[in-house]
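Listed here are the chains, written in short residue letters.
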Amino acid sequence: MDAPMNHILTESQKFRKLCQKAYCFPPRSDSRHEIELSNILDEFNSFDYGAKFVNDEDAVSLLCRLSESISSTSDHLVSKYSQLLSHIVANQKVHVDLQSLHTLVQYMISAIQACQQWTLADTLRALGALLYENTGRLDKFHDVLLSHEHGILIDITSNQSFSLDVRRAALQCVENMCMKTQSLPYLQEVYVSCCLQLFLTALQMPRDSRENDVSHCRILVSALRGIQNIATFTKNSHMQQLGRLLAALKVYMMYGLPGQSPHVPDSLFPTPLSRYDPSPNPSSSSSQSNLLTATPAQEARVQSGRKKKTDARKKRKGNQRKTPRKGDSAADEREQGSSSGQEADESNPSLAEGSAYDRYGLTRGLCLQPTWRVSSSESEYSDTEGGQTAKLRSMQGKVRQCAFSTLLQIVKATEKKVIFGYWSSFLPDSPVAGSGSGLHTQTLITSVMKDPSPKVRQAALGALTAMLDNSKQYLAAAEDSESCRSAAFTAFSVSLGSMIKELHRSLLLAMSAENSFLALTQSIKCLAVLVLNVPYHRLHPGLLTKLVKQLRNFMNHRDPNVRVACLTCLGSVLQAPVTEVLDIFQGAGPESKHHRRDDDDDDSGDAAPRMSWLIEACIANILTEQDASTSSDRPPGGAAVRAVPPLPVRLESLQVLAIMAKHHFPVIRPVVGGFSRLMLACLQERETSVRLHTVKLLEDLGFSMLQSLAGKPPDAITVDEAVAVWGSLVGGPLLGLLQTTGHTTIALRATVCDCLSNMGAVVFELLPLDRRIACITLLLGLIADEDYRVRGAAVRALGFYVLFPSLVQDVGFVTDSAAAILSCMEDSVSNVRVKAMWSAGNVCDALILNKDKENGDFLSEFPDALLLQFFRACIAATQDNDKVKYSAVRALGNLLRYAPHESLQDPMFVDLVEQAVSRLVRNMSTGAVKVRWNSCYALGNMFRNDCLPLGSANWVLCATLLHLSWLLAKDDLEAVNALVCEGFDVLSTYLAKYTRNLALAEPPVKGQTVSAAMAMEHLCELSGTDLTTAQVSALEGITVAFSVSIEQIE
């Protein structure tokens, strides 16, 4: 450790001494000093800049001083200076201040314009180092560098007279200018379009025969990365060129593979009928290309010819070794991609006859055996040839990887409905392609299964995952039924179904043959996204069963990332709304070759219900070494030998159990008691993330138990079981989590509050008194928490508790809850106000319940001052956003209904009532439908209070009824008809007068109120829907009242 540090210190001292020597040269030195200056530059360039040893201020000062001393017309000195600048800025990561950056860029531009061509490669590389991530700081140079008419970089890149290295360096500069740093502006649209056009031209231009293959690959990489930058930092710049972009990407994602043509078509169209043929002359394609789409008979003939050639080669070479040399890049990439380091030979059972390829129906004519298993013919290079070929293959693989990365960004930056039109060009819809064209071979699946580089396969899977993400609405039409198969044509829904089945089949094959842990992880993640978006209820069952059966082979994989991906995918399967999921996870489930069970006990009589295999696996993943030592699965020696599972695996296992508790409660119903013990053990751990996910599991489990108790299905949980689960946790460490402090426990405390909200009144009433008091006390205390997430969760929990039967008549608790909720109704965070206003509505419901039950003690003890504050807060909340507003008007209606006679004697209270009515009338005509509906309902509540002075409020009643009728749904007809029938005579007269006043108003009132005629139009629309007999009768009654009012007007 000391030797490298001493070396760095020595280099730093030498560098500073040279800097002092360079400072002695005057600006624009004459020819007498050029030789000495050249020697100093040689000494600077002789340093090893691999390790950081240069001080930023010294380096920037040196570069600026040298730019003053070296003339831009001195070619040799400019070349050496450019090399030094590249070393310092690019390798030493020196930060250049704004003024110095402008000085250096201006000098490099002058050098490019003045020097000869042989220096351009060095000067452009130096300029590229200065431009990297500095585009926003160099806006004054954008026109000089990127202008379509006279831009230096545009001219050099487009001029074929320059060498390939010069054009590549200029293109690298353009790529660097397309990078963006945070908080700095990006290129203007005109320059972005110019850069995009330049990159597309570089991709579509055929390779010159004089060019080196590796250099051409580097140009392609720069162009692809530039397009990727533009797609990352802009939203719509690529849309005008989307067809050209995708056409180029589809070609370069197969670049360098056998049988693939480098010809790039002009554009790609978003229709399956306009597919292009990437080959200029399909008849001249190689036998390798034909093999990709050959029928079984054609493939047999090709294989026969290959066998003869192979036998002849064996006779000539004898027992030659078939393993590739170290210089072979395909073998090197395979070894780098496989973390296990094991050689993949052709005896792998997953590739043998009758293996997964045949079990899943893969036709042999597709030749989808992964080509990264290198044949013997590729090891016949000499060392020099092998090294050059390995370098070329590595660069070709980088081109393909950049193509997929660019496609990923294009997919992310494009609307789903637009990119969906190109799916047929990138995704297969059948395992066998048409003969001769080879179109189906250029799909993402082809690269996933056949590309020799694991990095490219991983990039292809990433692009496929992005395409499938959030595609549920587009895949919803997929169908796979017998009637569709017998149709005379292939419907669009059937094509989607075929595409889904082919994706399932291909990804499972790729997963079984993959030997790179990173690519394997990405393939499982891709399957997880696919499962979340596929409408399995419209497809034939069996797809998920095959998937889960394959996943079980990787549940105990040694790479924790693979295990986490498997659990994520299983969580996606659990969310599929099909009965097949229950069959998969109940009991033993689909067997795999690594998960065989003994059936010795299957003949036993009345055996207890078997725990789901997924629950067993998750519990095994969650248990620590200490937990495992107390289980019954330890070895005879008595000590547990199982290591502590990795934290990501434990957390994902808890998430899977939470999903199962939420969506498939019958599966975990027999083992609820075991769940409580598991959660109790996890809550006692020190790891905050484990406790957080455990509380989330309890939240979902509590909600499912609450629904089970309310619905009471045949396999419903009993009250005693629910009380036992909650009692063990509430009496244990759960409530203690609410008393933790610190930033790391904010989410934990908020989740515990949400968890307590799902307890339910039935369970809460049966808990011990001290536990109930502890829950209430802690929730009331968390109202004043510093974090808004905790305050919001606590105030929401109080909204549930205030309606519990044992608490709703407790005037002390309701008063304390109302005061706590009132403090959150004026919170600065909108999310807290939304939850507080919802809870305030529940407090008002509690007031109504006590008034209806004529609970005199409660009514007399509830303070009028608090009621007055509630009125004011709710009135103010009617001017908040809609999410706050619809709860505020609901609370106001209940407050108007509750207002006691004694309170209405206070003039201040009467004034608030008038303000409340005015706000309700205003919200009845504007805002979201839910706000307007709640306002109508609130005004209806007001008329149920006999204590209110409503003698002059007939206009409010009419306005309320008309707006309510205008928002009517067919389920509301009977309730509104009952209201109309109570006072038909008076109501019809009021309606006529109200409508007449509206018509005669000066100026006329339009857009703010609803007339009887407008309400009639809505009622006529309802009459055209499917109504029950009672609903038809109610509609007739309401219509008669409005008709009478209209006749009185006429």
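These numbers were taken from a predicted model, which means no experiment stands behind them.

## Structural notes on the overall build of the chain
Part 1: Assigned secondary structure in the chain consists of 53 helices and zero strands.
Part 2: Expressed as a percentage of the 1050 residues in the chain, the buried residues total 52%.
Part 3: For the chain, contacts bridging at least 24 residues in sequence account for 74% of all contacts bridging at least 6.
Part 4: Counting only carbon and sulfur atoms, one obtains 52% of the accessible surface of the chain, whose full area is about 48,400 Å².

## Re helix H5 (residues 98-114)
Given 3.6 residues to a turn, an α-helix orients residues that are three or four positions apart in the same direction.
Part 1: For H5, which comprises 17 residues, the first-to-last C-alpha distance of 24 Å matches the rise-based estimate of 24 Å (1.5 Å per residue) to within 8%.
Part 2: Every buried residue of H5 is listed here: Ser100, Leu101, His102, Leu104, Val105, Tyr107, Met108, Ile109, Ala111 and Ile112.
Part 3: Elements in contact with the buried residues of H5: helix H3 (56-69), helix H4 (75-91), helix H6 (120-131), helix H7 (142-146) and helix H8 (152-158).

## Description of unusual backbone geometry
Part 1: At Glu133, a position not held by glycine, the phi torsion is positive, near 60 degrees.
Part 2: Within the secondary structure, Glu133 is located in the loop between H6 and H7.
Part 3: On the basis of relative accessible area, Glu133 is assigned to the partly exposed category, the value being 33%.
Part 4: The phi dihedral of Glu854 is positive, around 55 degrees, even though this residue is not glycine.

## Let's talk about the side chain of Ser471
Part 1: Inspection of the secondary structure assignment puts Ser471 in the loop between helix H21 (454-468) and helix H22 (472-475).
Part 2: Residue Ser471 is classed as buried on the basis of its relative accessible area of 1%.

## Focus: the confidence of the model for the chain
Part 1: Predicted confidence across the chain gives a mean pLDDT of 79, with 75% of residues reaching 70 or more.
Part 2: Here residues 432-440 is modelled with pLDDT under 50, and outside its nearest four sequence neighbours on either side it reaches 16 contacts, counting other chains as well.
Part 3: Long-range and interchain partners of residues 629-641, a stretch whose pLDDT sits below 50, account for six contacts in this model, where long-range means more than four residues apart.

## A short note on the environment of Ser676
Part 1: Considering the arrangement of structural elements, one finds Ser676 in helix H33 (residues 672-683).
Part 2: Look at Ser676 and you get buried, because its relative accessible area is 11%.
Part 3: Linking Ser676 and Ser728, residues 52 residues apart in sequence, is a C-alpha distance of 7.4 Å.

## What about the packing of aromatic side chains?
Part 1: Evaluation of the coordinates by the stated rule reveals 20 aromatic pairs.
Part 2: For the pair Phe47 and Tyr49, a centre-to-centre distance of 6.2 Å together with 65 degrees between the ring planes defines the contact as edge-to-face.
Part 3: Tyr49 sits in the buried class, given a relative accessible area of 4%.
Part 4: Its end group placed over the ring of Trp613, Arg552 keeps NZ or CZ at 4.0 Å from the ring centre.

## A word on the pattern of salt bridges
Part 1: Under the counting rule described, the total for this entry stands at 23 salt bridges.
Part 2: As a salt-bridge pair, Glu502 and Arg505 come within 2.5 Å of each other at their nearest N and O atoms. On the criterion of helical spacing, the pair formed by Glu502 and Arg505 is a turn pair, its members being three residues apart in helix H24 (residues 492-513).
Part 3: Assessed through its relative accessible area of 10%, Arg505 is described here as buried.
Part 4: Arg897 serves as the salt-bridge partner of Asp852, at 3.3 Å between the closest nitrogen and oxygen. A residue pair is termed long-range when its members are at least 10 positions apart, and Asp852 in helix H43 (residues 830-852) and Arg897 in helix H46 (residues 882-898) qualify at 45 residues.
Part 5: A relative accessible area of 13% means that Arg897 is categorised as buried.

## A few points about the state of the cysteines
Part 1: In the structure shown here, the tally under the stated rule is zero disulfides.
Part 2: Of all cysteine sulfurs in the structure, the one in Cys195 sits closest to Cys178, which takes part in no disulfide; the separation is 4.1 Å.
Part 3: Judged by relative accessible area, which is 1%, Cys178 ranks as buried.

## Regarding helix H10 (residues 189-204)
Part 1: Between its first and last C-alpha atoms H10 spans 22 Å; for 16 residues at 1.5 Å apiece the expected length is 22 Å, and the two agree.
Part 2: Looking at H10, one finds that the buried residues are Tyr191, Val192, Cys194, Cys195, Leu196, Leu198, Phe199, Leu200, Ala202 and Leu203.
Part 3: In this structure, the buried side of H10 is in contact with H7, H8, helix H9 (164-177), helix H11 (213-233) and helix H12 (242-252).

## Some words on the packing of H10 against H11
Part 1: In contact at an axis separation of 9 Å, H10 and H11 are set at 145 degrees when each is read in the N-to-C sense. Of the two possible hands of crossing, H10 and H11 adopt the one that is left-handed. Along the contact surface, H10 presents Val192, Cys195, Leu196, Phe199, Leu200, Ala202 and Leu203, while H11 presents Ile219, Leu220, Ser222, Ala223, Leu224, Gly226, Ile227 and Ile230.
Part 2: Considering only residue class, the contact of H10 with H11 consists of 13 nonpolar, two polar and no charged.

## What about the nonpolar core?
Part 1: Grouped together as the largest cluster of nonpolar side chains are 299 residues, with contacts concentrated most on Phe44, Leu153, Leu734 and Tyr801.
Part 2: Among residues more than four places away in sequence, those in contact with Leu734 are Leu683, Val695, Leu698, Trp726, Leu729, Val752 and Leu756.
Part 3: Counting residues in each nonpolar core, the second largest holds eight residues, with Met1016, Leu1019, Ala1034 and Leu1035 among its members.

## Considering the side chain of Asp787
Part 1: Within the fold, Asp787 resides in the loop between helix H39 (769-782) and helix H40 (788-801).
Part 2: Classification of Asp787 by relative accessible area gives buried; the value is 12%.
Part 3: At 2.9 Å, the side chain of Asp787 and the backbone nitrogen of Arg789 are in polar contact.

## Side note on the packing of H33 against helix H34 (residues 688-711)
Part 1: It is at 9 Å that the axes of H33 and H34 come closest, and there the two elements cross at 155 degrees. In terms of orientation, H33 lies roughly antiparallel with respect to H34. Note on packing geometry: the crossing formed by H33 with H34 is left-handed. In this structure, H33 uses Val672, Phe675, Met679, Cys682 and Leu683 to contact H34, whose residues at the interface are Val690, Arg691, Thr694, Val695, Leu697, Leu698, Leu701 and Met705.
Part 2: Partitioned by chemical class, the residues of the contact of H33 with H34 number 11 nonpolar, one polar and one charged.

## Some details on the environment of Cys402
Part 1: Here Cys402 lies in helix H17 (residues 383-413).
Part 2: With 182 residues separating them in the primary sequence, Cys402 and Leu220 have C-alpha atoms 8.8 Å apart.
Part 3: The residues touching Cys402, leaving out its near neighbours within four places in the chain, are Val221, Leu224 and Arg225.

Definitions and cut-offs
Residues numbered from 1 in each chain as written. Predicted model: local features only at pLDDT ≥ 70, side-chain atom pairs only at ≥ 80, totals over all residues. Heavy atoms only, no water. Helix = DSSP H or I, 4+ residues; strand = E, 2+ residues; numbered from the N terminus. Buried < 20%, exposed > 50% of the residue type's maximum accessible area, 1.4 Å probe, protein only. Contact = heavy atoms within 4.5 Å. Areas by Shrake-Rupley, 256 points an atom, 1.4 Å probe, with all protein chains shown as cover. Expected span 1.5 Å × (residues − 1). pLDDT = per-residue confidence, 0-100. Phe/Tyr/Trp six-rings, centres within 6.5 Å; stacked < 30°, edge-to-face > 60°. Lys NZ or Arg CZ within 6 Å of the ring centre and 35° of its normal. Salt bridge = Lys/Arg side-chain N within 4 Å of Asp/Glu carboxyl O. Disulfide = S-S within 2.5 Å. Axes fitted to C-alpha atoms, helices over the stretch in contact; angles between N-to-C directions. Left-handed = near helix turned anticlockwise from the far one by under 90°. Nonpolar A, V, L, I, M, F, W, Y, C, P; charged D, E, K, R; others polar. Core = buried A, V, L, I, M, F, W, Y, C linked by side-chain atoms within 4.5 Å. Polar contact = N/O pair within 3.5 Å; in protein donor to acceptor, adjacent residues only side chain to side chain. Parallel < 35°, antiparallel > 145°, perpendicular 65-115°, else oblique.

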